[in-house]
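Below, each chain spelled out in residue letters.
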Amino acid sequence: MSVIGKSTNIFWQECQVGKVDREKLLKQKGCVVWITGLSGSGKSTLACTLSRELHSKGNLTYVLDGDNLRHGLNKDLGFSAKDRTENIRRVGEVAKLFADSGLVCIASLISPYRKDRDFCRAIVPDSRFIEVFMNMPLELCEARDTKGLYKLARAGKIKGFTGIDDPYEPPLNCEIEIKQENGICPSPLSMAGHIVDYLEEKGLLQE
Ligand SMILES: Nc1ncnc2c1ncn2[C@@H]1O[C@H](COP(=O)(O)OS(=O)(=O)O)[C@@H](OP(=O)(O)O)[C@H]1O
Ligand SMILES: Nc1ncnc2c1ncn2[C@@H]1O[C@H](COP(=O)(O)OP(=O)(O)O)[C@@H](O)[C@H]1O
């Protein structure tokens with residue numbers, strides 16, 4: 001019996017089919033690829049490209065996209081520091097479950113606070129948390145402005161927009177950093193290829 005947060009008198013239930021069995025079935029290892037960066041840095045594009053590339057190689061993936069999750073699971077959360085922390089905590093917990101199910105879980109969220117990303121890293125066992133930093137300049141993200149949100153933030157119509165009047169804390173020790181090369185952004189396919197190579201090297205794409 002234990003007390004976890006506000007839950008009392010709770011017990012951990014083990015099942016006969018475990019993570020190793022699921023990984024054998026799927027012929028891969030469960031892990032979390034966590035993509036962080038400014039709005040417009042290319043997180044969702046990379047997440048979807050990576051998912052497609054892995055899928056075509058025969059690996060099972062699932063994408064957790066910040067924007068999408070805010071339509072359901074996290075629709076009660078806004079963009080205050082407290083709400084962003086709760087957003088990341090919830091998605092981190094879901095990603096941990098998906099990794100435990102044997103999937104390559106690809107999470108794509110701004111996740112601006114280092115401590116929140118570190119929390120997610122800490123709850124995923126066996127160093128199966130791969131942090132990917134989309135290190136794109138604000139000027140590039142703002143020039144893209146696909147949703148018109150930077151324009152609204154500059155006009156003061158959105159308050160607390162990441163990179164404009166809200167912080168983004170870059171990772172200090174991420175597994176993969178993606179940057180412009182000679183002022184040119186790598187293609188989504190080449191970024192995805194880089195991550196696939198990393199996962200392969202770590203032996204995560206085989207059982
Ligand atoms: N204030 C503010 N700051 C940043 N972003 C904002 C804001 N308001 C709305 N949006 C839209 O919400 C998307 C980011 O959601 P996330 O869940 O990834 O954000 S966070 O990780 O909780 O910071 C983000 O999507 P992306 O552009 O895909 O990053 C925006 O479309
Ligand atoms: N590697 C890339 N090269 C050129 N344009 C890109 C690249 N990645 C994304 N884009 C474009 O940038 C815009 C923002 O990308 P998106 O994936 O929605 O970013 P985020 O999820 O970080 O907000 C989109 O119009 C997308 O087509």
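Residues numbered from 1 in each chain as written. Chains lettered and ligands numbered in written order. Predicted model: local features only at pLDDT ≥ 70, side-chain atom pairs only at ≥ 80, totals over all residues. Heavy atoms only, no water.

If you look the protein up in an unreviewed UniProt entry, it shows as Adenylyl-sulfate kinase from Zingiber officinale. Under the UniProt heading Function (unreviewed entry), the note attached to the protein is "Catalyzes the synthesis of activated sulfate." (UniProt positions renumbered as here; feature names shortened; annotations may be inferred.)

A. Molecular detail of the nonpolar core. Val-33, Leu-46, Val-132 and Leu-199 are the most contacted members of the largest nonpolar core, which has 32 residues in total. Excluding its chain neighbours within four sequence positions, the residues that come into contact with Leu-46 are Ile-35, Val-132, Met-134, Ile-178, Pro-188, Met-191, Ala-192 and Ile-195. (Core = buried A, V, L, I, M, F, W, Y, C linked by side-chain atoms within 4.5 Å. Buried < 20%, exposed > 50% of the residue type's maximum accessible area, 1.4 Å probe, protein only. Contact = heavy atoms within 4.5 Å.)

B. Quick look at the packing of helix α4 (residues 81–100) against helix α5 (residues 114–123). Remark: α4 packs on α5, axes separated minimally by 9 Å, with the N-to-C direction vectors making an angle of 20 degrees. The angle between the axes of α4 and α5 places the two elements in the roughly parallel class. The way α4 lies across α5 gives a crossing that is right-handed. Residues Arg-84, Thr-85, Ile-88, Arg-89, Gly-92, Glu-93 and Lys-96 of α4 pack against Lys-115, Asp-116, Arg-117, Phe-119, Cys-120 and Ile-123 of α5. A per-class count over the contact of α4 with α5 returns four nonpolar, two polar and seven charged. (Axes fitted to C-alpha atoms, helices over the stretch in contact; angles between N-to-C directions. Helix = DSSP H or I, 4+ residues; strand = E, 2+ residues; numbered from the N terminus. Parallel < 35°, antiparallel > 145°, perpendicular 65-115°, else oblique. Left-handed = near helix turned anticlockwise from the far one by under 90°. Nonpolar A, V, L, I, M, F, W, Y, C, P; charged D, E, K, R; others polar.)

C. Expanded view of the packing of aromatic side chains. On inspection of all chains with the given rule, the structure shows four aromatic pairs. Between Phe-133 and Tyr-168, the ring centres sit 5.9 Å apart and the planes meet at 15 degrees, which makes this aromatic pair stacked. Of this pair, Phe-133 sits in strand β6 (residues 129–135) while Tyr-168 sits in the loop between α7 (149–154) and β7 (176–179), and the two are 35 residues apart along the sequence. (Phe/Tyr/Trp six-rings, centres within 6.5 Å; stacked < 30°, edge-to-face > 60°.)

D. Just the pattern of salt bridges, in detail. One pass over the full model with this rule turns up 15 salt bridges. In this structure, Asp-166 engages Arg-84 in a salt bridge whose closest nitrogen and oxygen atoms are separated by 3.2 Å. Of the two residues, Asp-166 sits in the loop between α7 and β7 while Arg-84 sits in helix α4, which places them 82 residues apart along the sequence. Considered together, Asp-166 and Arg-84 belong to a single accessibility category, that of buried residues. (Salt bridge = Lys/Arg side-chain N within 4 Å of Asp/Glu carboxyl O.)

E. The pairing of strand β5 (residues 104–108), seen in detail. Counting buried positions along β5 gives five out of five residues, so the element sits mostly inside the fold. Of the two faces of β5, the one carrying Val-104, Ile-106 and Ser-108 and the one carrying Cys-105 and Ala-107 are both buried. As paired elements, strand β3 (residues 31–36) and β5 share five bridges and run parallel to each other. Each residue of the ladder has a partner; that of Trp-34, found in β5, is Ala-107. Pairing between strand β4 (residues 61–65) and β5: five bridges, direction parallel. The partner of Val-63 across the bridge, within β5, is Ile-106. (Pairing = 2+ DSSP bridges.)

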